[in-house]
Amino acid sequence: MRSDWFQLSQDMRVRGALEPRGVKEAIRPEWLKGEDLLELERSNLHFELKPCHQLLAVDLIERPYPLWSDPLKQLLQTFAPRLIFRLAGLMDAEREQLYPYWFLVPPQLACLHEDSQFDSSGRLTRLKVDADCLQTCGWPIVQAVDNRLHENVFLINLALAEAILRRDFTGLCMQRVEMTTAEPML
């Protein structure tokens, strides 16, 4: 049986989305890989927001490191209670408002198919994943890992995608992922 998977990302067309400052300096890339989690636990993740005339709290801030809104985090934990999150407060000093966001340590899966394509700068242009690898995965959300990837690629299963669509989330983009399966043996 084959199930559909989707790439979940921030909708970059949304104007005024929250943009935290200093994230790249405070968050270590190893944390996304599940390394040095004790250091992550001790860290104080608070960031000021880039000034903007009209701020919009989107549910996923993808760059430079992904930060997930509180409602989206709650939904993810419903589907996968063992996910590791760390609170990251985003402060709008001008309006004196605090936005709670979460840094996620995602399960990682080497599921990129060799037919995935990249442009000359190394940016992913065609995502193709191994369906058999995803089918055996017990997580509803994974981060695709591959030494060719220079960006974060989050994949969610059909059940989680449907749950997201049934709710009023802002600034999310989901795209069905092209999948391949192993050739059947004759």
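Let me begin by describing the structure that accompanies this report.

Definitions and cut-offs
- Residues numbered from 1 in each chain as written.
- Predicted model: local features only at pLDDT ≥ 70, side-chain atom pairs only at ≥ 80, totals over all residues.
- Heavy atoms only, no water.
- Helix = DSSP H or I, 4+ residues; strand = E, 2+ residues; numbered from the N terminus.
- Polar contact = N/O pair within 3.5 Å; in protein donor to acceptor, adjacent residues only side chain to side chain.
- Contact = heavy atoms within 4.5 Å.
- Buried < 20%, exposed > 50% of the residue type's maximum accessible area, 1.4 Å probe, protein only.
- Pairing = 2+ DSSP bridges.
- Axes fitted to C-alpha atoms, helices over the stretch in contact; angles between N-to-C directions.
- Phe/Tyr/Trp six-rings, centres within 6.5 Å; stacked < 30°, edge-to-face > 60°.
- Arc of directions from axis to C-beta.

## Concerning the side chain of Asp11
Right, on to step 1. Counting through the fold element by element, Asp11 comes out in the loop between strand E1 (5-10) and helix H1 (23-26).
Right, on to step 2. Looking at Asp11, its side chain comes within polar contact range of the side chain of Arg13, at 2.9 Å.
Right, on to step 3. Apart from residues lying up to four places away in sequence, Asp11 is in contact with Gly171, Leu172 and Cys173.

## Section: unusual backbone geometry
Among all residues except glycine, the phi angle is most often negative; among peptide bonds, the trans geometry is most common.
Right, on to step 1. Pro64 follows Arg63 through a cis peptide bond whose omega is 0°.
Right, on to step 2. Here Pro64 lies in the loop between strand E3 (60-61) and strand E4 (67-69).
Right, on to step 3. The backbone of Glu96 shows a phi angle near 55°, a positive value even though the residue is not glycine.
Right, on to step 4. Relative to the assigned elements, Glu96 resides in the loop between strand E5 (84-92) and strand E6 (97-105).
Right, on to step 5. The exposure class of Glu96 is exposed, given its relative accessible area of 66%.

## Observations regarding the sheet that holds E1
Right, on to step 1. Read across the open sheet, the five strands follow the order E7-E11-E12-E1-E13; overall the sheet is mixed. Pairing within the sheet leaves two strands with one partner each, and these edge strands are strand E7 (108-109) and strand E13 (172-176).
Right, on to step 2. The pairing of E7 with strand E11 (residues 141-144) spans two bridges and is classified as parallel. Counterpart to Leu109 in the pairing with E11 is Ala144.
Right, on to step 3. Packing of helix H6 (residues 158-165) onto the sheet brings it into contact with E1, E11, strand E12 (154-157) and E13, and relative to E12 it is tilted by some 90°.

## Looking at the packing of aromatic side chains
Right, on to step 1. A complete count under the given rule lists three aromatic pairs for this structure.
Right, on to step 2. Geometrically, the ring pair formed by Trp31 and Phe103 is edge-to-face, given 6.3 Å between the ring centres and 75° between the ring planes. A residue pair is termed long-range when its members are at least 10 positions apart, and Trp31 in helix H2 (residues 29-32) and Phe103 in strand E6 qualify at 72 residues.
Right, on to step 3. Take Trp31: its relative accessible area is 1%, and that puts it in the buried class.
Right, on to step 4. Between Trp68 and Phe154, the aromatic rings sit 5.2 Å apart at their centres with planes inclined by 80°, giving edge-to-face as the arrangement. With a gap of 86 residues between them, Trp68 in strand E4 and Phe154 in strand E12 connect regions that are remote in the sequence.

## Description of helix H4 (residues 70-79)
Right, on to step 1. Among all positions in H4, only Leu72, Lys73, Leu75 and Leu76 are buried. Viewed end-on, H4 has its buried residues packed into an arc of 160°, placing them on one side of the element.
Right, on to step 2. Residues of H4 that are buried in the fold lie against E4, E5, E6, E11, H6 and E13.
Right, on to step 3. You can read the cap of H4 off the contacts: a side-chain oxygen lies 3.3 Å from the backbone nitrogen of Leu72, and it is on Ser69.

## A short note on the pairing of E12
Right, on to step 1. In E12, alternate side chains face the same way, and those of Phe154 and Ile156 on one face and Leu155 and Asn157 on the other are all buried.
Right, on to step 2. Across four bridges, E1 lies against E12 in antiparallel orientation. Following the sheet pairing, Phe6 is matched in E12 by Ile156.

By themselves, these observations are geometric and do not establish any function.
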